[in-house]
Amino acid sequence: MSLSAHHSAGVRWQTVAITLAMAAVGAAVFPTFADASSTPTATGVTIGSRITSNDGFTTAGSANISAVDGNFTPADVGFGITGGATLPTGETIVSVSSSTTATLSAPALKTSKKAIFSISFAGAGLYGWGAATEPDGSILMGDYWNFRIVHFNADGTRATPYVFAGNQGNGPGSNQAPFGICVDPVNGNVFMTEGSLYNVNEYSSTGAFITSWGSNQALNLVKFTYPSQCAVDPTTQLLYISNQWGKSIVVIDPSNPSAPAKFESPPTPNTIIQPRGLAFDSAGNLWIADEGHKRIDVYFATSGLNMNVAPQYEIKAPACDPSAPACTSTTFDMRGLAIDKNTNLAFVANGQGCYVQEFDANPADIASKVYGKFLLNFNGVATGNSNCGKGNGQFADGARDIAVDGNDHVWVGDLADFRAQVFDESGSFIFAVPGTPTPPPTGGFNGPRGVAFDAAGNMYVTDMYNERVEAFSPNGSGGYTFSQTWGIRGDTANTFNYPRLECVDPVTGYLIVADTDSSVIVAWDVTKTPPQEVWPQGGKSQGLMDPYGVACAPNGEIYVADSNHKDVAVFNADGSVGSPATIGSNLGFTRGIAVDPLDGSIWVSVGANNMIYHFAASGTQLGSFSVGAGENPFGVAIDAGYVYVALSSKNDVGQYTRAGVLQTTFGGAGAGIGQMRTPQGLAFAPDGFLYVVEENNARVSQWSVP
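From a predicted model like this one, the values you see are computed outputs, not experimental measurements.

## Description of the overall build of the protein
From N to C terminus, the protein includes zero helices and 54 strands. Put simply, the protein has 706 residues, and 60% of those count as buried. Long-range contacts, defined here as pairs at least 24 residues apart, represent 46% of the contacts in the protein between residues at least 6 apart.

## Section: the pattern of salt bridges
Using the criterion set out here, one finds 21 salt bridges in the structure. The partner of Lys316 in a salt bridge is Glu314, and the shortest N-O contact between them spans 3.6 Å. Salt bridges linked by common partners bring Asp290, Arg295, Asp297, Glu314 and Lys316 together as one network.

## Examining the nonpolar core
Membership of the largest hydrophobic core comes to 17 residues, with the highest contact counts inside it found for Trp287, Ile296, Val298, Ile315 and Val348. Those elements that provide at least two residues to this core are strand S21 (286–290), strand S22 (295–299), strand S23 (313–316), strand S24 (334–340) and strand S25 (345–350). For this core, the element with the most residues is S24, which contributes three residues. Those residues within four positions of Val348 in sequence are excluded, and the remaining contacts are Ile296, Phe332, Met334, Gly336, Leu337, Tyr355, Val356, Gln357, Phe359 and Ile402. Ala553, Val570, Leu587 and Phe615 belong to the second largest nonpolar core, which has 16 residues in total.

## Details of the pairing of strand S40 (residues 549–552)
Of the two faces of S40, the one holding Gly549 and Ala551 and the one holding Val550 and Cys552 are both buried throughout. Pairing of S40 with strand S41 (residues 558–562), which is carried by four bridges, proceeds in the antiparallel orientation. Residue Gly549 lies in a different strand from S41, and its bridge partner there is Ala561. In sequence, S40 turns back onto S41 through a hairpin of five residues, with Gly556 there showing a positive phi of about 95°.

## What about the packing of aromatic side chains?
By the definition in use, this model includes 42 aromatic pairs. Here a set of aromatic residues connected by ring pairs shows up, and it is made of Trp129, Tyr144, Trp145, Phe147, Phe179, Tyr198, Tyr226, Trp245, Tyr465 and Tyr498. Over the ring of Trp129 we find Arg400; its NZ or CZ atom is 5.0 Å from the centre of that ring. Cation over ring: Arg500 sits above Tyr548, and NZ or CZ is 4.1 Å from the ring centre.

## Quick notes on the sheet that holds strand S39 (residues 532–538)
Ordered in space as S36-S37-S38-S39, the four strands form an open sheet in which the pairing is antiparallel. Each edge of the open sheet is held by one strand with a lone partner, namely strand S36 (499–504) and S39. Across the sheet, the axes of successive neighbouring strands diverge by a mean angle of 25°, strand direction being ignored. In the sheet, S36 pairs with strand S37 (residues 511–515) via four bridges, with the strands oriented antiparallel. From the neighbouring strand, Glu502 faces S37, where its bridge partner is Val513.

## Some thoughts on the pairing of strand S44 (residues 590–595)
Summarising burial for S44: six of the six residues are buried, a large majority. Pairing between S44 and strand S45 (residues 602–606): four bridges, direction antiparallel. If you follow Thr590 over to S45, its bridge partner there is Val606.

## Here we look at the sheet that holds strand S48 (residues 633–638)
Strands sit in the order S48-S49-S50-S51 across an open sheet of four strands; the sheet is antiparallel. The open sheet has two edge strands with one neighbour each: S48 and strand S51 (662–667). Mean inter-strand twist for the sheet, computed between neighbouring axes without regard to direction, equals 25°. Pairing analysis gives five bridges linking strand S50 (residues 652–656) to S51, with the strands arranged antiparallel. Bridge pairing in S51 places Tyr656 opposite Leu662.

## Some details on the confidence of the model for the protein
The predicted structure's coordinates, where accompanied by low pLDDT, should not be read in detail. With 82% of its residues at a pLDDT of at least 70, the protein reaches an overall mean of 85. Here residues 106–119 is modelled with pLDDT under 50, and outside its nearest four sequence neighbours on either side it reaches 66 contacts, counting other chains as well.

## What to know about the state of the cysteines
This model, assessed by the stated rule, comprises four disulfides. Shown here is the disulfide that connects Cys182 with Cys230, its sulfur atoms set 2.2 Å apart. Sign of the S-S torsion, about -115° for the bond between Cys182 and Cys230, identifies this disulfide as left-handed. With Cys182 in strand S11 (residues 181–183) and Cys230 in strand S16 (residues 227–232), this pair connects stretches of sequence that are 48 residues apart. Judged by its relative accessible area of 6%, Cys230 is buried. Numbered by position along the chain, the disulfide-linked cysteines of the protein connect as 1-2, 3-4, 5-6, 7-8.

## Considering the side chain of Asp414
For Asp414, the position within the fold is in strand S29 (residues 410–414). The contact partners of Asp414, leaving out residues within four places of it in the chain, are Gly128, Gln394, Phe395, Ala396, Arg419, Ala420 and Gln421.

## Some words on unusual backbone geometry
Cis geometry is adopted by the peptide bond preceding Pro530, which originates at Thr529 and carries an omega value of -5°. Counting through the fold element by element, Pro530 comes out in the loop between strand S38 (520–525) and S39. Residue Ser579 is joined to Pro580 through a cis peptide bond whose omega torsion reads 0°. Examined against the element boundaries, Pro580 turns out to sit in strand S43 (residues 577–583). In this structure, Lys369 is a non-glycine residue whose phi angle is positive, near 70°. Judged by relative accessible area, Lys369 falls into the exposed class, the value being 60%. With phi around 60°, Asp408 is a residue other than glycine that occupies positive phi space.

## As for the side chain of Asn350
Topologically, Asn350 is positioned in strand S25. Apart from residues lying up to four places away in sequence, Asn350 is in contact with Thr331, Phe332, Asp333, Tyr355 and Gln357.

## Points about the environment of Phe689
Within the element layout of this structure, Phe689 appears in the loop between strand S52 (679–684) and strand S53 (690–694). The exposure class assigned to Phe689 is partly exposed, which follows from its relative accessible area of 25%. In sequence terms Phe689 and Pro706 are 17 residues apart; their C-alpha atoms lie 9.7 Å from each other. Sequence-distant contacts of Phe689, that is, excluding residues within four places in its chain, are made with Ala683, Phe684, Gln702, Trp703 and Ser704.

## Quick notes on the environment of Val356
Inspection of the secondary structure puts Val356 in strand S26 (residues 355–360). With relative accessibility at 0%, the residue Val356 sits in the buried group. In this structure the C-alpha to C-alpha distance between Val356 and Gly336, which are 20 residues apart in sequence, comes to 9.1 Å. In this structure Val356 touches Val348, Leu376, Asn377, Phe378, Phe395, Ala399, Ile402 and Val412, once residues within four positions along its chain are discounted.

Calculation notes
- Residues numbered from 1 in each chain as written.
- Predicted model: local features only at pLDDT ≥ 70, side-chain atom pairs only at ≥ 80, totals over all residues.
- Heavy atoms only, no water.
- Helix = DSSP H or I, 4+ residues; strand = E, 2+ residues; numbered from the N terminus.
- Buried < 20%, exposed > 50% of the residue type's maximum accessible area, 1.4 Å probe, protein only.
- Contact = heavy atoms within 4.5 Å.
- Salt bridge = Lys/Arg side-chain N within 4 Å of Asp/Glu carboxyl O.
- Core = buried A, V, L, I, M, F, W, Y, C linked by side-chain atoms within 4.5 Å.
- Pairing = 2+ DSSP bridges.
- Phe/Tyr/Trp six-rings, centres within 6.5 Å; stacked < 30°, edge-to-face > 60°.
- Lys NZ or Arg CZ within 6 Å of the ring centre and 35° of its normal.
- Axes fitted to C-alpha atoms, helices over the stretch in contact; angles between N-to-C directions.
- pLDDT = per-residue confidence, 0-100.
- Disulfide = S-S within 2.5 Å.

Structural data, given as structure tokens:
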């Protein structure tokens, strides 16, 4: 790699040495390497998926070996390593035992031909979400943030092949996070709904891609508005899809994929609001989890499943159990729905109370009104008491989707606990897969978004898909050592619900995190172990709606990119509403935000219109500029000289004058040295470097900028 590849208008690059690090042949400035263990280890010792050199520092991966992830291969044997002051140059790779493990020699003289860099993805063993039953009674489980569907036999062992679909990407034949899964019981074809792409994919019974519907590079155009879950009519083989934000059910004929889709929903007051789970009973009646109305709507097969009229039957949430005296009211927070046609029982994942609830689904009971009757809560919990927790039969953040296997056992996705749980139909826990949950390892990321630094130089990274924050401390050699992590998926105190950008309040020292899907910003006291929530502020009913970004001013004021309110909200250091309470209006979906160190003014990015807006702290607009069509700006950081903007769609960071004049861009798509993928949050650290969070490289990179 030439010297110019490492320098762009004076910009130098290196990976932050968090768990691992990078080096480059011929680079003018070498990266530093972080000691990943408390004491140095001997030369050539392997540590899990890492290796140690003779100074005890860890390295892994090779930038030019694989364009996908830089895995080790036997072809790497004999190649050397170059590094900075903390990593002696000249060591060679003497053996490769796996894609992420190799052994180094003692120092040698050979010149390296390839670059060493970090493999820092940190995914859990299973992010259990969607679920569906195969015709043979086996189970497909959506492994949400591993971007795949996995396949289990009814006894919990892995089916072959285990990964049914998992080609992460955006085009035909690829997928993002699988939300809903359903199976055609006649031919075994599988359908996957994707909430992030607003697409639906179809696969054969063996996992081969067939076609897709949607508006994001799909083969057949259908304008979904968040397709969540699905079901296939066992008689007609028509595909029914919950169009969650479109207040409708979409009906597609897979035998004629290019035919126009039908969008169906009755008129008010029965318009379907936020539909989720779908299931057919043994008579072909369609159950719809109508979350907006907090009920299950049933359309009878004898009516032709006409969903442009009011449902023929409604099922309400069960009442408080007399044994739960503290219960005053109940409701549905429906995530999953399944019906066992053999036993005529229905199962509903109800987020309120973390329940899995069982109902009568026998069509013979329609006339007597026993159809839809509540029967029991799984795990023996009374309605009104809580089943939330991490034990067997409990759910830390509520159950997700549900499917019934060939043994009439009920499989339930348990996303927050990194597993799926299996019950008999009396609600008793049988087993979980995996038997011991495998949470994501520490020190790495899955979908990181934000980075922030305190005055001591400690670094905090929001690891969004893992619903946590990870903290790293400076190691004295220019790198960072993992120190602690905290968080779990939830919508209550001391939990996270898709945390994005963050900042450190210099007045209180609190870490302020935009907890986007809970529509709050949260102050964390990071001096405590584990860090404790001090206050939340916001909520859809209290003034914030899906905030993406936060910025902390020297005087303690906190500025929030209040994304779906399309403005900037202002708070004081104690969480009270600031003055002015808001800045700007109708800006668009605000995302990144930063405080100018020169004058305390505010800069905020808007992705939809590719604009950067500039406001005085008083709220007066000072200017704006466009970063160009299709750039999709995200994070913003500012130093004394320039404004830096993460140009996510172009895999670059742009450097602009305060007048909006582009000076240079740096990065470029890739995982190699001086490249990046989907930059998100930006922040300057006390060391003066610019740190870039790369979502799709699952890492943080460090840049020297003029």
